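Topology and contacts: notes
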Amino acid sequence: GDINPQRAQFNYQMSCQGCHTPDGSGANAVPQMRDVVGIFLSTQAGREYLVRVPGSAVSALDDANLAEVLNWIVQEFAGASVTLPFEPFTPQEVGRLRQHPLPEVVQYRAQLLADIASAKQRE
């Protein structure tokens, strides 16, 4: 869970911010991460989604650097959207999950968010 913030931010800048923008607000059809990304951490499927989206899964970053960037993204952008204690991503978890990238992200994300909202209503 240790993050080297300078390295993580550099890797975010090189691998993610072209689409997600420097502040995580997203560009064009790319979803916003700022104040939203923590919502995905409320379920195992949501947590896995963050690794399995093609931008993560097929990233040139190795498993350790990708885990660090994901942890940095949560730390920097999640804000109040994290409602449970955050268990940092590990290189092992990332390595296992990224072997199964999502083939269709838009529909999967919409269904995942609907499932998360439904689970919250039942609480």
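Preceding this section is the structure that the text describes.
To keep things clear, this report deals only with the structure shown in the data block. Here the residue numbering is sequential within each chain, running from 1 through the sequence in written order. Residues qualify for local features only when their pLDDT is at least 70, as the model is predicted, and side-chain atom pairs are given and counted only at 80 or more; totals for whole chains, interfaces and linings, by contrast, use all residues. Based on all heavy atoms of the structure, the side-chain values leave hydrogens and waters out of the count.

Looking at unusual backbone geometry
Despite not being glycine, Asn-28 has its phi angle at roughly 55°, a positive value. Numbering of helices and strands starts at the N terminus; helices are DSSP runs of H or I of at least 4 residues and strands are runs of E of at least 2. Take Asn-28: it is sitting in the loop between helix 2 (17-20) and helix 3 (44-52). Of note in this structure, Asp-35 is not a glycine but carries a positive phi near 60°. If you trace the backbone, Asp-35 turns up in the loop between helix 2 and helix 3.

What to know about the packing of aromatic side chains
Pairing of aromatic side chains requires ring centres within 6.5 Å, counting the rings of Phe and Tyr and the six-membered ring of Trp. Pairs whose planes differ by under 30 degrees are stacked, by over 60 edge-to-face, and all others tilted. Counted according to the given criterion, the structure contains 6 aromatic pairs. An angle of 20° between the planes, with centres 4.9 Å apart, marks the rings of Phe-40 and Tyr-49 as stacked. Throughout, exposure labels follow a simple rule: accessible area from a 1.4 Å probe, protein chains only, divided by the maximum for the residue type, with under 20% read as buried, over 50% as exposed, and the rest as partly exposed. With relative accessibility at 3%, the residue Phe-40 sits in the buried group. On the basis of relative accessibility, which here comes to 6%, the residue Tyr-49 falls in the buried class. Ring geometry for Trp-72 and Phe-77: centres 5.6 Å apart, planes at 75°, overall edge-to-face. Exposure class is identical for Trp-72 and Phe-77. Each is buried. Members of the aromatic cluster, connected to one another through ring pairs, are Tyr-12, Trp-72 and Phe-77. In our convention, an over-ring charge means Lys NZ or Arg CZ found within 6 Å of a ring centre and within 35 degrees of that ring's normal. One cation-aromatic arrangement involves Arg-47 over Phe-89; the distance from NZ or CZ to the ring centre is 4.2 Å.

What to know about the packing of helix 3 against helix 7 (residues 105-122)
In the contact formed by helix 3 and helix 7, the axes pass within 11 Å of each other and the chain directions differ by 160°. Classed by the angle they form, the pair helix 3 and helix 7 counts as roughly antiparallel. For the pair helix 3 and helix 7, the crossing hand works out as left-handed. Contacts between helix 3 and helix 7 involve Ala-45, Gly-46, Tyr-49 and Arg-52 from the former and Val-105, Tyr-108, Arg-109 and Leu-112 from the latter. The residue makeup of the contact of helix 3 with helix 7, split by class, is 5 nonpolar, 1 polar and 2 charged. Note on geometry: axes are lines fitted to C-alpha atoms, helical ones only across the stretch in contact, with angles between N-to-C directions running from 0 to 180 degrees. Each angle receives one of four descriptions, namely roughly parallel if under 35 degrees, roughly antiparallel if over 145, roughly perpendicular if within 65 to 115, and oblique otherwise. Each helix crossing is assigned a hand: it is left-handed if the near helix lies turned anticlockwise from the far helix by less than a right angle, otherwise right-handed if that turn is clockwise. Should any heavy atoms of two residues lie within 4.5 Å, those residues are counted as being in contact. Here the term charged refers only to Asp, Glu, Lys and Arg, the term nonpolar to Ala, Val, Leu, Ile, Met, Phe, Trp, Tyr, Cys and Pro, and the term polar to all other amino acids, Gly among them.

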